Amino acid sequence: MSSHAPETASLLAALDTQPRVRAFLTRAVESDRTSHAYLFLGAPGSGKLDAAWALAQAIICESHGCGTCEACVRVARRTHPDVHYLAPESVTGYLIGQTRDLIEDVALAPIRAHAKVYIIDRAEQLRADSANALLKTLEEPPRGVTFILLGTSSETILPTIVSRCQCVPFRLVSPADAAAAVARATGAAPERCRMAVAVAGSPQRAVAFLKSAERQEARRVMVRALDALPHADDLDILNAAKELIVAVKAPLAEVKSTQEAVLSQNADYLSRGALKQLEDRQKRELNARERSGIMEVLASARSLLRDVLVVREGIADGITNTDVAEVSSRLAAKTDTPGAVGALDAVARAERAIARNSTPQLTLEVMLFAIRKALLCR
Ligand SMILES: [Zn+2]
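First, a word on scope: everything that follows refers to the structure included in this document. A quick note: this is a predicted structure, and the numbers were derived from the prediction, not measured.

1. Points about the overall build of the protein chain
Counting its secondary structure elements, the protein chain contains 17 helices and 5 strands. Relative to the compact-globule value of 21 Å for 378 residues, the protein chain shows a C-alpha radius of gyration of 21 Å, a close match. Considering only C-alpha atoms, the protein chain reaches an extent of 60 × 50 × 40 Å along its principal axes. For the protein chain, the residues scored as buried account for 49% of the 378 residues in total. A fraction of 72% describes how many contacts in the protein chain between residues 6 or more apart in sequence connect residues 24 or more apart. On the protein chain, roughly 17,500 Å² of surface is accessible, and the fraction owed to carbon and sulfur atoms is 54%.

See below:
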């Protein structure tokens, strides 16, 4: 595969654990014959979202995703104005307003690149009303527009959508394979890679996590909050939730300033209505980013509490967060197995609440109170 380098470097790195998908997409990109609509199908952790961002890089970059040019760097930082990420904004799925905005945005010319890419996450949540509006655009988008839809299985997605996309199946990746891929990409120690996969969810995101001081700090804030819980009073818990929100928002400063720059670049020639729309979309993107940051600190909590359970069960070398082994030992000494299980339940409830768009700070507060209660109830 090294004969492809440096072209399609982004695809090669993102799809380390999906060789068949990698060969298929690399061929399409190198022959300039990418489809206008892809549907990536696979279980959580199969790396679909990473692959979508890598394909976006390959499409936007002048040299098929070199990974180093300005366009590639912007896409990698999720700050390229021509690559859009969408996730459902209500409990029941995508809002009609979301797809309407999307269709209007598709018609606008690209801002920086020669092409535009729309990544549509959780395509199963495109229900009939919002999906119907999208079908015509999905079938015949303007030149240079590519849709990448993500879903778990084609059975759960509207057939009218599936039939308009090129389906790309992803295989299930084991955590060990994922950690090995992260080790190859970063050269980091195996136990750090295992932890990063547990926290970030997929190999590519784990690699980015290991490169982000802010995201690692957010995890540390969560670990400290859990460590302090057995002795925390109510005010301590409220403060811990506040501190977590600040930590999660820290990596978003760059996104915000890029958004402001895009807005002011467009202020002169976009109509007020179009500007308002751009602003709304930016707010949504920022909101989605914050939520994925919250999900990541929740995953940090889940992983650490699972270690507590592992220690309680006496599985000596089974823990994932070896860098903070003393924290899981301390917590394990304060609780019993039902306590650890109850704490994990509290994290699962928080994850569901965030997926339903609950307020992040309130969700974290409720979760920390519930974990304290669970851990100390023995
Ligand atoms: Zn590039």
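2. Notes on the sheet that holds strand β5 (residues 166-169)
Taken together, 5 strands build an open sheet; the order of strands is β2-β3-β4-β1-β5 and the sheet is parallel. Both outer strands of the open sheet, β2 (83-86) and β5, are each paired with one neighbouring strand and no more. With direction set aside, neighbouring strand axes in the sheet form an average angle of 20°. Summarising the sheet, β2 and strand β3 (residues 116-120) pair through 4 bridges and their orientation is parallel. Among the inter-strand pairings, Y85 is bridged to a residue of β3, identified as I119.

3. Re the environment of P44
Examined against the element boundaries, P44 turns out to sit in the loop between β1 (37-41) and α3 (48-60). Considered as a pair, P44 and V173 are 129 residues apart in the sequence and their alpha carbons are 9.2 Å apart.

4. As for unusual backbone geometry
Unusually for a residue other than glycine, R122 sits at a positive phi of about 50°. Along the polypeptide, R122 turns up in the loop between β3 and α6 (128-139). In the Ramachandran plot, N357 falls in the positive-phi region, its phi being about 70° despite a non-glycine side chain.

5. Focus: the coordination of the zinc ion
Only C61 (SG), C66 (SG), C69 (SG) and C72 (SG) from the protein coordinate the zinc ion, and they sit 2.3 to 2.4 Å from it. Note that the zinc ion binds 4 donor atoms; their angles at the metal cover 104 to 115°, and the shape is tetrahedral. Donor residues binding the zinc ion come from one chain and are separated in sequence as C-x4-C-x2-C-x2-C. Residue classification places C66 among the buried residues on the basis of a relative accessible area of 14%.

6. Structural notes on the packing of helix α8 (residues 175-186) against helix α10 (residues 203-211)
α10 packs onto α8 with a crossing angle of 45° between their chain directions and a minimal axis gap of 9 Å. Considering the angle they form, α8 stands oblique to α10. In the crossing of α8 with α10, the sense of the turn from one axis to the other is right-handed. Between α8 and α10, the residues in contact are A178, A181, V182, A185 and T186 and P203, A206, V207 and L210, respectively.

7. A word on helix α12 (residues 234-249)
Residues spaced three or four apart along an α-helix point in a common direction, a consequence of the helix completing one turn every 3.6 residues. With 16 residues, α12 extends 23 Å between its outermost C-alpha atoms, agreeing within 8% with the 22 Å of an ideal straight helix rising 1.5 Å per residue. Within α12, burial applies to I237, A240, A241, L244, I245, A247 and V248. Along the long axis of α12, the arc covered by the buried residues comes to 165°, so they all point the same way. Away from its buried face by more than 90 degrees, α12 exposes L235 and V246.

8. Focus: the nonpolar core
Core analysis: the largest hydrophobic core is formed by 40 residues, its most contacted members being L226, L364, M367, L368 and I371. At 8 residues, the largest contribution of residues to this core is made by helix α14 (residues 272-312). In contact with I371, not counting residues within four places along its chain, are L226, L229, L305, A343, A346 and V347. In terms of nonpolar packing, the next biggest core, distinct from the first, is built from 30 residues, L11, Y38, V117 and V168 among them.

Cut-off values and rules
- Residues numbered from 1 in each chain as written.
- Predicted model: local features only at pLDDT ≥ 70, side-chain atom pairs only at ≥ 80, totals over all residues.
- Heavy atoms only, no water.
- Helix = DSSP H or I, 4+ residues; strand = E, 2+ residues; numbered from the N terminus.
- Rg over C-alpha atoms; globule rule 2.2 N^0.38 Å.
- Buried < 20%, exposed > 50% of the residue type's maximum accessible area, 1.4 Å probe, protein only.
- Contact = heavy atoms within 4.5 Å.
- Areas by Shrake-Rupley, 256 points an atom, 1.4 Å probe, with all protein chains shown as cover.
- Pairing = 2+ DSSP bridges.
- Axes fitted to C-alpha atoms, helices over the stretch in contact; angles between N-to-C directions.
- Donors = N, O, S within 2.8 Å, 3.2 Å for Na, K, Ca; no water.
- Tetrahedral: all angles 85-135°; square planar, octahedral: opposite > 155°, others 65-115°.
- Parallel < 35°, antiparallel > 145°, perpendicular 65-115°, else oblique.
- Left-handed = near helix turned anticlockwise from the far one by under 90°.
- Expected span 1.5 Å × (residues − 1).
- Arc of directions from axis to C-beta.
- Core = buried A, V, L, I, M, F, W, Y, C linked by side-chain atoms within 4.5 Å.

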